[in-house]
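Chain residues, written in single-letter form:
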Amino acid sequence: MSLVCLTDFQAHAREHLSKSTRDFIEGGADDSVTRDDNIAAFKRIHLRPRYLRDVSEVDTRTTIQGEEISAPICIAPTGFHCLVWPDGEMSTARAAQAAGICYITSTFASCSLEDIVIAAPEGLRWFQLYVHPDLQLNKQLIQRVESLGFKALVITLDTPVCGNRRHDIRNQLRRNLTLTDLQSPKKGNSIPYFQMTPISTSLCWNDLSWFQSITRLPIILKGILTKEDAELAVKHNVQGIIVSNHGGRQLDEVLASIDALTEVVAAVKGKIEVYLDGGVRTGNDVLKALALGARCIFLGRPILWGLAYKGEHGVKEVLNILTNEFHTSMALTGCRSVAEINRNLIQFSRL
């Protein structure tokens with residue numbers, strides 16, 4: 001049976017992955033309230049279509065940080081892709097390159113950065129950093145990704161400690177995972193994942209100037225959910241924000257990403273680009289996020305579902321399905337370009 005929507009890929013992954021891997025991908029923090037609300041929150045937003053417009057040509061292209069992408073649908077950083085497909089992130093990178101969209105490579109990639117670049121040398125790549133307490137290790141890694149042609153540095157903010165992920169604790173999954181890219185300058189050996197947590201518990205706003213001093217890459221902050229932090233991001237001269245609650249895997253019972261988007265967009269006042277991840281499953285979801293001010297969305301779990309299905313080709317299918325759905329959503333709401341998507345296209349449900 002053919003897979004025709006993203007939830008079909010989820011169902012396939014549930015049937016074919018081991019329990020521990022399935023739990024690692026699907027699990028949320030505590031009671032998974034936020035994980036589930038990320039999806040449900042989109043359904044509380046209704047569309048207000050406009051008709052009698054010429055939609056014979058619909059253009060899904062846009063730009064992020066000055067780079068053109070084929071659609072505002074990109075790949076969020078997720079770790080350990082080799083859990084679901086043998087060549088892991090290399091397949092993900094090839095799919096992103098073929099689709100003409102951005103792939104944010106995780107600190108917790110199971111393939112080396114060099115192998116990922118070789119697999120997709122022309123792809124648009126950003127790098128996601130979990131800040132390590134060892135500043136020298138951070139510096140070494142940042143300089144390495146810059147030399148490899150990554151175009152932005154994405155710093156994750158919402159993990160001063162790891163969220164309470166009950167399934168991973170029960171399965172003791174972290175003890176079986178190794179990071180190939182986090183090599184100590186002193187020891188030169190790979191570091192087991194469980195030794196990497198907690199990450200830096202002391203990272204604060206004033207530390208951003210140190211990162212800015214060691215790289216020319218634009219800095220994107222991932223994990224902002226409030227206007228107060230959005231305003232501080234602008235004050236500290238970063239280039240972008242990813243509104244994210246870590247897929248509901250960190251602090252449970254925070255706002256769904258789409259619900260937090262409005263106040264973050266309002267707070268930055270157009271000074272920096274705002275992106276979103278969390279809960280996107282349909283083309284309508286993409287359109288709603290853009291209508292509320294996101295420049296693009298980033299996909300997490302659905303990419304892993306696609307990878308588990310057919311590797312590179314499965315990820316391509318996920319991206320193609322979502323892009324085609326988004327194209328249809330644009331046409332059916334009267335939008336001929338991404339620039340025509342605006343707040344007037346949506347209405348929130350009345351409680």
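Treat the numbers as computed from the prediction; the structure is a model and nothing was measured.

Draft legend 1. Here's a closer look at the overall build of the protein. Along its length, the protein carries 13 helices and 14 strands. Taking 351 residues into account, the globule formula puts the C-alpha radius of gyration at 20 Å, and the protein, at 19 Å, falls close to it. Considered along the principal axes of its C-alpha atoms, the protein spans approximately 65 × 50 × 40 Å. Counting across all 351 residues of the protein, residues that qualify as buried make up 54%. In the protein, the share of contacts with a sequence separation of at least 24, taken over all contacts with a separation of at least 6, comes to 71%. Split by element, the accessible area of the protein, about 15200 Å² in all, is 49% carbon and sulfur. Distance between charge centroids for the protein: 2 Å, based on 38 positive and 38 negative side chains.

Draft legend 2. Region of interest: the packing of aromatic side chains. Following the criterion strictly, the structure yields nine aromatic pairs and no others. A ring pair is formed by Phe-9 and Tyr-309, whose centres lie 5.4 Å apart and whose planes are at 90°; its orientation type is edge-to-face. With Phe-9 in helix H1 (residues 6-16) and Tyr-309 in helix H12 (residues 301-310), this pair connects stretches of sequence that are 300 residues apart. The class of Phe-9 is buried, set by a relative accessible area of 0%.

Criteria and thresholds
- Residues numbered from 1 in each chain as written.
- Predicted model: local features only at pLDDT ≥ 70, side-chain atom pairs only at ≥ 80, totals over all residues.
- Heavy atoms only, no water.
- Helix = DSSP H or I, 4+ residues; strand = E, 2+ residues; numbered from the N terminus.
- Rg over C-alpha atoms; globule rule 2.2 N^0.38 Å.
- Buried < 20%, exposed > 50% of the residue type's maximum accessible area, 1.4 Å probe, protein only.
- Contact = heavy atoms within 4.5 Å.
- Areas by Shrake-Rupley, 256 points an atom, 1.4 Å probe, with all protein chains shown as cover.
- Lys, Arg positive; Asp, Glu negative; His and termini not counted.
- Charge placed at Lys NZ, Arg CZ, Asp CG, Glu CD.
- Phe/Tyr/Trp six-rings, centres within 6.5 Å; stacked < 30°, edge-to-face > 60°.

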